Amino acid sequence: MNDAIRDSLDHCVKCTVCESFCPVSQVTPLFPGPKYAGPQAERYRGAGPSADSSVDYCSGCGICTQVCPQDVKIAEINSRARAALWEKRGVPLRNQLIARPTVIGRLGTPVAPLANWALHNRTVRGVVQSVIGIHRDAPMPSFAGRTFQRRSRSHHGPSAGPAVVYFHGCGTNYYEPRVGEMLVAVLEHNGFRVIVPPQDCCGLPLQSNGNFPAARTYVRRLVDRLAPHARAGLPIVSNSTSCGLMLKREAHEILGIEDDDLAIVSKSMYDVCEFLLGLHERGELRTDFNSLPLTIPYHAPCQQRGHGIGKPALDLLALVPDLNMIELDVDCCGIAGTYGLKKEKYDISMAVGKRLFDDIAATGSRVAACDSETCRWQITHGTGVKSVHPIELLYRAYGLGRNRSVPVKAGRPTAQVNA
Amino acid sequence: MSYDTVVVGAGLAGLTAALRLSERGQHVLIVARGVGATHLAPATVDVLGYLGDTQVASPAASLPGLSNGHPYGHVPVDQLTTALAWFCAHTAALGYAGGPGENLLLPTALGVPKPSALAPRSMAGGDLRAGGRFVFVGFKGFKDFHPTLIAANLARARLPLSIEARALELEPPPTRRGDLSGRVMAGRFDNEQLTDWLVHALEHRVEPDERIGVPAVLGLRSDAPWQELEKRLQRKVFEVATLPPSVPGIRLFQALSAALRSGGVRMVFGVTAVGARINAGRIEAVEVANATGTHAYPVTSVVLASGGFASGGLELDSFGTTRETVFDLPLSGLPEGHRVRFAPRYFDEQPLATAGVATDDLLRPVDGSSRPVYENLHAAGAILAGATPWKEKSGTGISVATGYAAAEGILVPAAAPVSEAVR
């Protein structure tokens, strides 16, 4: 294991900055806070698991690590402590299930209409809550039926041009293939040839549910698929901020994987907005944007902030004439991947998200933008407001096909032009 | 996306510099390892509380008494005055009171009168200078805040006029929380109408001429609970700073970051500035380590506000070598030779106490021959050499004054035009 994580606790000066920012401990006494559960409790854990299970109430949003002025890897320490806890107790069936999006995706996709009916049926969800423990009200996406992988096989993009590899993740593949298609269209509009290798889950949900061995198997399998492209010098882009972060950093830091394949994949990973902004910095991004007279609130998900790249989505969208983005200042929407799905954590996740929901509602916009899929589903669940990936706004601004998912009259048009 | 200025560090100095630059039209990026000391300090602006062992009544009048090489040596008094007024105007929601002309004397959680030039309105009512009668209120279960201790220590304190102080301990409504930190208590005032409880608990137990000191937990999002309390009790109510986390400090951070956000300043936390690309004596780009590697941000100017030893802006290794951690700048105030021998008691004269970067009047770090190391690098806050803020009670004042002055140092010769930001 990577001892730099545990050793970092010696830098903790107990300043309580992490406690001030933790969105979970703010709304529930069940989680005592990142400092208590992290650097403080870790000293007593030694080789064994936590004496109590409060660390299981950490949502893993990672805000504590970002704001810590002493570089203590608080969230990472807690993530490992959670895994040690579940290794001892055995990961419950519910967590094993929701942590395997590809299994769920493969089961649901062929019977999408039936599965979608079941996912959104009150009675079925009530039974699921009592039998498995997934909260009946927790936000669930709909199966698209035809996966992104299948769609991409029948897509004929340009055969020339610089190549970029697309890691789409499970959310895009099974639930939001349109987002993947829009991302490909935006890249192709900028002259790229997009390679979509066959791919599977990155293992992040298993990691956050404490099954490290299975998470390592998944991430290694994915890295095997991506590494040859990285070795060929190709950039890899992702529209899932959490899965991208898994490959950039967490597989190494939290799962402790040390190998050359992962290292080169990590170095080649870009969040898609980070990649596009990089193009713009080099003067290579097409800026033939049409006017989008909309005012749209933007939430940078906690996992996006973990990339340490600022908010490239906002910088890009500032290039679109008449589009006014409102930068929201809430750290977390509460869902934290699979955390808010769980019966015992749903109320916490909604309480964490309340500030974000209120702030979005206060803008009066009918659309919100956010980079992460689970956060988008949570935002829509908490506000009734449609929520889109920033790439969808770029796609529309480029005029790449008619897209009905952003209502034209959403929000208050403004006269402000950030050209 | 190019930035005019990259500010390294998100403490009070960095936030001040960034806000001043952005309101003058610059496109600013803040990169920081984490959040600065705003969350820990009481949110007062302490310009100068002590000269040697003598308590300072008027910072403005006493500044000339500081030794050569003190950071205030590069901030003329009129600029300091402007900086403080500017600070008050940009934190209007907190209603700062005071100025550089005279210090308030505010009670700490230990019952020590502490000189501060500025205090948020929720704290300013605790000014002890005019004497009078005080009641200090504690909440059972709230750690590290003992009204009896405050009252007893204040009774022995040297004050311009005598005061009368007593203590009152109240039992707040029960909660499932085992551990009541300042943030948790403040959240309860925001969400659970604890103000009602406090009004009822106090209204018949406080004399009409008593001022009421409570732990600084009256609202996390704003000081609205404080306003309501004062209005309903018809008495002067004031917050007394607590041990960290500092709720007034959190409010200050929130106020400044909201202003920065609306000024278009981008703040990135959890990243480390690790160096610079240099060309012809200028920093061309600041190198910042993120999740996967190092990104170089091209810049016109840089503000280094990375803090002192406590924040990692300065580092002392086990061989006795001291270094500035971002740009490896030359340091001033180092002991002769390499051996650092610390004096036995914490508040003794210590080697390295005044270590840091020395600057010119534009707050640019200078080398041994007083020449700027880089033409476009400015420094502010605790990284500056020459101060002993824990003795002088000058830390937050230095941060605001030098943060503002560093920004001015960038703006003034801005005959060099602000580049057309790509926005």
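As the structure is a prediction and not an experimental result, all values here were calculated from the model. (Residues numbered from 1 in each chain as written. Chains lettered and ligands numbered in written order. Predicted model: local features only at pLDDT ≥ 70, side-chain atom pairs only at ≥ 80, totals over all residues.)

Draft legend 1. Just the interface of chain A and chain B, in detail. Between chain A and chain B, the contact holds 35 residues from the first and 30 residues from the second. When grouped by side-chain class, the residues that make up the side of chain A that touches chain B number 12 nonpolar, 13 polar and 10 charged. (Contact = placed C-beta atoms within 7 Å. Nonpolar A, V, L, I, M, F, W, Y, C, P; charged D, E, K, R; others polar.)

Draft legend 2. Seen up close, the domain arrangement of chain A. Residues and elements named next belong to chain A. For chain A, the domain assignment lists domain 1 (3-89) and domain 2 (287-397). Each of domain 1 and domain 2 has a C-alpha centre, and these two points are 26 Å apart. A breakdown of the residues in the side of domain 1 that touches domain 2 according to their chemical character gives 6 nonpolar, 5 polar and no charged. (Domains from an automatic or database assignment.)

Draft legend 3. Quick look at the nonpolar core. Counting 245 residues, the largest nonpolar core has Val219 of chain A together with Val6, Ala17, Ala18, Ile30, Val31 and Leu304 of chain B as its most contacted members. In contact with leucine 304 of chain B, other than residues within four places in its own chain, are Val8, Val326, Phe327, Leu377, Ala379 and Ile383 of chain B. (Core = buried A, V, L, I, M, F, W, Y, C linked by C-beta atoms within 7 Å. Buried ≥ 20, exposed ≤ 12 C-beta atoms within 10 Å, placed from the backbone.)

Draft legend 4. Expanded view of helix H16 (residues 260-268) of chain A. All names here are of chain A. All buried positions along H16 are accounted for by Leu262, Val265, Ser266 and Ser268. Buried residues of H16 fall within an arc of 165° about the axis and therefore sit on the same side. Looking at the buried residues of H16, the elements they touch are helix H14 (212-231), strand S3 (236-238), helix H15 (241-253) and strand S4 (269-271). (Helix = DSSP H or I, 4+ residues; strand = E, 2+ residues; numbered from the N terminus. Arc of directions from axis to C-beta.)

Draft legend 5. Spotlight on the sheet that holds strand S17 (residues 301-304) of chain B. All names here are of chain B. An order of S13-S2-S1-S17-S20 is seen for the 5 strands of this open sheet, with the pairing classed as parallel. Only two strands of the sheet have a single neighbouring strand rather than two, namely strand S13 (266-269) and strand S20 (377-379). Averaged over neighbouring strand pairs, the angle between their axes works out to 20° when direction is ignored. The sheet contacts of helix H11 (residues 395-411) involve strand S1 (5-8), S17 and S20, and relative to S20 the element is tilted by about 160°. (Pairing = 2+ DSSP bridges. Axes fitted to C-alpha atoms, helices over the stretch in contact; angles between N-to-C directions.)

Draft legend 6. Expanded view of the packing of helix H7 (residues 194-202) of chain B against helix H8 (residues 224-233) of chain B. Residues and elements named next belong to chain B. The contact between H7 and H8 brings their axes to 10 Å, and the two run at 30°. Classified by the angle between their axes, H7 and H8 sit roughly parallel to one another. Crossing angle aside, the handedness with which H7 passes H8 is right-handed. Across the interface between the two elements, Thr195, Leu198, Val199 and Leu202 from H7 touch Pro225, Glu228, Leu229, Arg232 and Leu233 from H8. Taken together, the residues of the contact of H7 with H8 break down into 6 nonpolar, 1 polar and 2 charged. (Parallel < 35°, antiparallel > 145°, perpendicular 65-115°, else oblique. Left-handed = near helix turned anticlockwise from the far one by under 90°.)

Draft legend 7. Seen up close, unusual backbone geometry. Residue and element names in this part refer to chain B. Of note, the bond from proline 244 into proline 245 is cis; its omega dihedral lies within 30 degrees of zero at 0°. Among the structural elements, proline 245 can be located in the loop between strand S12 (237-240) and helix H9 (247-262). Backbone geometry places serine 370, a non-glycine residue, at a positive phi of 60°.

Draft legend 8. Here's a closer look at the domain arrangement of chain B. For chain B, the assigned domains read domain 1 (5-90 + 252-411) and domain 2 (127-235). In this structure, domain 1 of chain B and domain 2 of chain B have C-alpha centres spaced 34 Å apart.

Draft legend 9. Quick look at the sheet that holds S12 of chain B. Residue and element names in this part refer to chain B. Spatial strand order, S10-S9-S11-S12: 4 strands in an open sheet with parallel pairing. Whereas interior strands pair on both sides, the edge strands pair on one side only; in this sheet they are strand S10 (163-170) and S12. Pairwise comparison of adjacent strand axes, ignoring direction, gives a mean angle of 30° for this sheet. Relative to S12, strand S11 (residues 210-215) is paired through 4 bridges, and the arrangement is parallel. Bridge assignment links valine 214 to a residue of S12, and that residue is glutamate 239. Across the sheet, H8 touches S11 and S12, and the angle it forms with S12 is around 145°.

Draft legend 10. Inspection of the confidence of the model for chain A at higher detail. With 95% of its residues at a pLDDT of 70 or more, chain A shows a mean pLDDT of 92. Here residues 403-419 of chain A scores under 50 on pLDDT; set against residues more than four positions off or in separate chains, the count is 34 contacts. (pLDDT = per-residue confidence, 0-100.)

Draft legend 11. Highlighting the confidence of the model for chain B. All names here are of chain B. When pLDDT is averaged along chain B, the result is 94, and 97% of the positions lie at 70 or above. Per-residue pLDDT stays below 50 along residues 415-423; that stretch engages in 12 contacts with residues further than four places along the chain or on separate chains. Both confidence scores are given for the complex: pTM 0.94, ipTM 0.92.

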